[in-house]
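Coordinates in review
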Amino acid sequence: MVIGNMLDRKLLRDLWRLKWQVFAIALLIACGVSVTVMAFSAQKALMAAQDRFYEDTRFADVFAVAVRAPMSTVADLSRIDGVAMADARIMESGLMQVPGLTRPAIARVISLPRDETAGLNRVRLSQGRMPDPASLDEAVALKTFMDAAKVKLGDRLTTVIGGRAFSFRIVGAVLSPEYVFVPSPESFMPDDAHQGVFWAPRPAVERSAGLNGAFNVVAFDLAPGASVAHVLQQVDRILAPYGGRAAYAREDQVSHAFLEAELKELSTSAAVLPPVFLIVAAALVHLVVSRLVEAEREQIGLLKAFGYSDYQAAQPYLRLAGAVGVVGVIGGGLLGGWLGAAIMEQYRAYFRFPVLDPAFDWPAFLMASTASVLAALAGSAMAVRAAVRLSPAVAMQPPRPAVYRQGLLDRLVPGRAIDQASRMIVRNLERFPLRAGLTVAGLAASLSLLVGSQFVFGSFDYLVDHAYYRAQRWSDAVGFAEVRAGRSISEIRRLPGVFAAEPLRVAAARLKANGREERARVTGMEPDATLQRALDRQGRPIPFQGRGVILSAALAGRLDVAPGDSVRLDITDGAAPSVVLPVTALAEDFSGYSIYMARAELNRLMAEGDVASGAQLLVAPDLRGRFYRAIEAIPQIVAASSRDDTVSNWRKVMIEAFRVSMTFYVGFAAAIAFGVAYNTSRIALSERSRDLATLRVLGFSRRECAYILLGELLVLGLAAIPLGLLGGNALASGLVTAYSRDELRLPLTQTPASYAMSLSAFAVAILLAAVLVGRRIWGLDLVAVLKTRE
Amino acid sequence: MRGLTKVYETEAGAVHALRGVDLDIRQGEMLILLGPSGSGKSTLLNILGGLDRGSAGKVLFHDQDLTAATEHQLTLYRRRSVGFIFQFFNLVPSLTARENVALITEIADDPMTPEEALDRVGLSDRLDHFPAQLSGGQQQRVAVARAIAKRPKILLCDEPTGSLDSEAGVRVLDAIVDVAREVGATSMIVSHNVEVAAIADRVIRFRDGAITEVAENRDKRSPGEMRW
């Protein structure tokens, strides 16, 4: 017991003496643990909220859209094998002026069944009340829209749907499982103020939309074990005569897909980052304990001479490593809980669940903790093993003096070309190659993390510039409820402020090649269009060639096709035949999967004559208000977007979203660089303090001594830069792959600014470590070295 | 030096390491400081070497007042004027004999070459050996070469033979005496070893922080004539 106490006391004293080194290593472990805890906890919280909300509101499994299907088909749809329930509704879109907003908002009006509690995709009331089923002018609104557009209960709004004005009073705010995340159709970014979703009793919507006894959207609840593919096929078959478009499963539902992508990203964070931290922490524990064991070799020999076993003699060092692990784990748990709560706060702004409580994932914490303590123990075990294996007699002798050799440098650099201080630096590096290697690897890992994360800002700039200033050059775009004659563009051209307008025909499609199939969007453009162009990798506009299609490079990649190959195109809007078309070129774009073709070719395929589904415009900025008021009065125009709004919203959302995660990355990377730099320099100082004090006595200034000590760190830091840049680019390309969604692919663009940001953060972390260690040179005891043997 | 006093404040109270020491040192003479452990001789050496400052009193080196010097001035003083020889050699293990000497000649104002310095201590054939490849006596002679290569005005040796056997110790003292004379340095050797006093011009005895005796050595011998 007495012995145990003695060793405990030694443990506490060592911890205190090495407190900064312990802190630096524990910080790394804490980072690893906290990322794991944060990611798994956030995932757990989101999934719990998602499960509960979907279950409470009976979120559907399959969705379909038609132009106008009679209610009698609902019975046929319900009889499809595997369908447990079908819920048919009316959904109409229009534009709407919201007081306080310049640009018109999109209004989606959805019919409520007589008994809302018996349907699918139920809304969840969070404020006010549900509309009176008999009322023709009451509606509930999506709470996110009300919050963002500053619309209050009791406000009256008017939209034009189906050619008729529909005016209603907001009586309640609701949340909906279909609109947990509401991206704007243009940018895939949330734009809540311009995304109005309203639910009104069926009679009111029916009357405005002119869909008496009919529906145009239907959702399905499937029985357990049902075949989704079979249901989709049958739904398409039944709805085909009624203008049915391709039915889709939950995984393709916009809001759900965004949520799932976010959950996947959390798993990526949890898988990529923590191992980096643990490996670096284990390496540092190894270096620190190796030095400690080296300095205490004689004590180990003494303990063994007293009759301690190898294990008992090794125990203090293993316990020290374990203690470092435990300190890190506790810090990581606290930090992870805090980060989890912080990220939950961010998610609340994106994902609207009635309840989104922060969770703490204990199993993830325990798993990360165990891995951390084991990593620390493994690091120290390797260092201690060699020392405890020595016989006591050998261990008690002072270690053999360090044997240096003339190394590579001496062969390369002639005798007097290098000063002795620099020579000392190089010889030390050559003598401890493992330590130098571990240090370079650790610093390179830190820089990689910086380079591999900071690129996103430059990439976003590139993406915005490419998408909104080079490929698309319109200032405003409008969408039609249904296709209109191409000549209607001339009406639009006459609206106030419009000085250019080009028609566009967009249709949903399935593209097949090489046995693969992808859902994509066909964009039919004018051959001489100037407001939207397909650009190649070099940014040059690509001309259309006959019937040929131009594919998004990403889509071509998924289908494994190249220019010259053919693809089978099935347009799912309307009744176009299935055709095989040649691919003539690939376009570089970053959002969605597009098939570009000449509008005339698309119209010919669909046999609809000269029609357009929307138009892209140049609108004079000072006349924008008048332009908007004019299009609000045109019932056929159901969507309006502005490039400036889209870009500024994009920037706002992205910067907000990435500011937090990039702050984590910078913080974590700085922690690694600091931890590695501090520990290596601190160890170097403890080994060389006698040499340095001797040099001080011999007339070296503190600055010159600092150079000898920290020059090594400088060399290692410089050596880490090329490796870190290479690793960072590899990490960036991995992250681009991992984080790319169908809706948004990040281009891998490294800019001088992002490199500069990474290198500065890297340099600052190393400099901080250098200053902390360098300060100790000022406190060297010069007198002591005169009398002590090493 | 006049009235040199050094008091260390410790938890156990004030320790008087030097109690008002007065001493004049002549250019080029060889002084031996004798005295038991804790008598204050090393403290005196440290203050003379610019490693420490007295608590009271004055130390003048030529016209420079060491007691009033800044840290930077003391660093320059050590760099230009003082040669140090330590009991445990304190060579830089990662540098060869030549490089250990070059370490100092690179920062000195008017040094001899490392080869010349090592030649003077009889180590011309060990230029490219690392400390670990040299015997204790050879290492200490490298230290002597390192100390005198800058042509110091004052050479301070703290128990230079303390960790050497008699034969090696004699060779080291021989080297110190010879090269100190050649460069005209004033030498001060702190020692436990009474025998060493034979090579001095003057012998100073210390006890309890004060000089008890300053004796001229009328029978000065060369180190080669000594044995211990």
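1. Here's the deal with the overall build of chain B
Each helix and strand counted, chain B has six helices and eleven strands in total. At 17 Å, chain B has a C-alpha radius of gyration in line with the 17 Å of a compact globule built from 228 residues. Considered along the principal axes of its C-alpha atoms, chain B spans approximately 50 × 40 × 35 Å. In chain B, which comprises 228 residues, the share counted as buried stands at 57%. Long-range pairs, those at least 24 residues apart, make up 69% of the contacts in chain B between residues at least 6 apart in sequence. With the model as given, the accessible surface of chain B reaches about 9200 Å², and the carbon-plus-sulfur share is 45%. In chain B, which carries 27 positive and 32 negative side-chain charges, the distance between the mean positions of the two groups comes to 2 Å.

2. Remarks on the interface of chain B and chain A
The interface is formed by 32 residues belonging to chain B together with 35 residues belonging to chain A. The contact between chain B and chain A buries some 3000 Å² in all, and 59% of this surface belongs to carbon and sulfur atoms. Contact with chain A buries surface across chain B, with B:Phe88, B:Asn90 and B:Ser94 losing the most and accounting together for 17% of the total. Our count for the chain B to chain A interface comes out at five salt bridges. For A:Arg423, the salt bridge goes to B:Glu99, with nearest N and O atoms at 3.4 Å. Viewed at the interface, chain A and chain B are joined by 14 residue pairs in polar contact (both at pLDDT 80 or more). Mapped by element, the contributors of at least two residues to the side of chain B that touches chain A are helix 1 (41-48), helix 2 (71-81) and helix 3 (97-105) of chain B. Of the residues contributing to the side of chain B that touches chain A, the split by class is 14 nonpolar, seven polar and eleven charged.

3. Focus on unusual backbone geometry
With phi around 55°, A:Lys150 is a residue other than glycine that occupies positive phi space. Of note, A:Lys150 is situated in the loop between helix 4 (143-149) and strand 7 (156-161). The backbone of B:Arg151 sits at a positive phi, close to 55°, despite the residue not being glycine. Structurally, B:Arg151 can be placed in the loop between helix 5 (136-148) and strand 8 (154-158). Judged by its relative accessible area of 34%, B:Arg151 is partly exposed.

4. Digging into the packing of helix 2 (residues 19-57) of chain A against helix 7 (residues 254-295) of chain A
Residues and elements named next belong to chain A. Where helix 2 contacts helix 7, the two axes come as close as 8 Å, and the packing angle between them is 160°. In terms of their interaxial angle, helix 2 and helix 7 are classed as roughly antiparallel. The element helix 2 and its partner helix 7 pack so that their crossing is left-handed. Split by residue class, the contact of helix 2 with helix 7 holds 23 nonpolar, eight polar and one charged.

5. Here we look at the domain arrangement of chain A
Residues and elements named next belong to chain A. What the domain assignment reports for chain A is domain 1 (55-256), domain 2 (432-471 + 644-790) and domain 3 (498-619). Between the C-alpha centres of domain 1 and domain 3 the distance comes to 29 Å. Summing both sides of the interface, domain 1 and domain 3 together bury roughly 510 Å²; the carbon and sulfur share of this comes to 41%. Taking the shortest distance from any N to any O, the salt bridge between Arg510 and Asp236 comes out at 3.7 Å. Here domain 1 is connected to domain 3 by zero residue pairs in polar contact (both at pLDDT 80 or more). When grouped by side-chain class, the residues that make up the side of domain 1 that touches domain 3 number four nonpolar, one polar and three charged.

6. Examining empty space enclosed by the protein
Residue and element names in this part refer to chain A. Per the stated rule, a full pass over the model turns up six cavities of 30 Å³ or more. By volume, the largest cavity amounts to about 810 Å³. Taken together, 40 residues make up the lining of the largest cavity; nearest its centre are Glu262, Glu265, Ala657, Phe658 and Arg741. Elements with a contribution of two residues or more to the lining of the largest cavity: helix 2, helix 7, helix 9 (310-350), helix 14 (433-471), helix 19 (643-697) and helix 20 (702-739). For the lining of the largest cavity, the element with the most residues is helix 19, which contributes ten residues.

7. Regarding the environment of A:Ser760
Structurally, A:Ser760 is set in helix 21 (residues 752-778). Put simply, A:Ser760 and A:Ala209 are 551 residues apart on the chain and 60 Å apart in space, counted from C-alpha to C-alpha.

8. Overview of the nonpolar core
In terms of nonpolar packing, the biggest core is built from 175 residues, with A:Phe277, A:Tyr347, A:Phe351, A:Phe353, A:Leu449 and A:Trp650 touching the most fellow members. Both domains that furnish three or more residues to this core are identified here as domain 1 (55-256) and domain 2 (432-471 + 644-790) of chain A. Once residues lying within four places of it in the same chain are set aside, the contact partners of A:Tyr347 are A:Ala42, A:Leu46, A:Glu262, A:Leu266 and A:Leu356. By size, the runner-up hydrophobic cluster in this structure holds 43 residues, among which are B:Ala147, B:Val179, B:Ala197 and B:Val203.

9. What about helix 10 (residues 362-389) of chain A?
Spanning 28 residues, helix 10 of chain A covers 39 Å between terminal C-alpha atoms, matching the ideal 40 Å at 1.5 Å per step. Approximately 30° is the largest bend angle found in helix 10 of chain A, and it occurs at A:Ala383.

Cut-offs and rules
- Residues numbered from 1 in each chain as written.
- Chains lettered and ligands numbered in written order.
- Predicted model: local features only at pLDDT ≥ 70, side-chain atom pairs only at ≥ 80, totals over all residues.
- Heavy atoms only, no water.
- Helix = DSSP H or I, 4+ residues; strand = E, 2+ residues; numbered from the N terminus.
- Rg over C-alpha atoms; globule rule 2.2 N^0.38 Å.
- Buried < 20%, exposed > 50% of the residue type's maximum accessible area, 1.4 Å probe, protein only.
- Contact = heavy atoms within 4.5 Å.
- Areas by Shrake-Rupley, 256 points an atom, 1.4 Å probe, with all protein chains shown as cover.
- Lys, Arg positive; Asp, Glu negative; His and termini not counted.
- Charge placed at Lys NZ, Arg CZ, Asp CG, Glu CD.
- Buried area = accessible area lost by both parts, 1.4 Å probe.
- Salt bridge = Lys/Arg side-chain N within 4 Å of Asp/Glu carboxyl O.
- Polar contact = N/O pair within 3.5 Å; in protein donor to acceptor, adjacent residues only side chain to side chain.
- Nonpolar A, V, L, I, M, F, W, Y, C, P; charged D, E, K, R; others polar.
- Axes fitted to C-alpha atoms, helices over the stretch in contact; angles between N-to-C directions.
- Parallel < 35°, antiparallel > 145°, perpendicular 65-115°, else oblique.
- Left-handed = near helix turned anticlockwise from the far one by under 90°.
- Domains from an automatic or database assignment.
- 1 Å grid on protein atoms, 1.4 Å probe; cavity = no way out; pocket = protein on both sides within 12 Å on 5 of 7 lines; lining within 4 Å.
- Points joined across faces, edges and corners; volume = space filled by probe spheres on them.
- Core = buried A, V, L, I, M, F, W, Y, C linked by side-chain atoms within 4.5 Å.
- Expected span 1.5 Å × (residues − 1).
- Bend = angle between axes of the 7 residues up to and from the residue.

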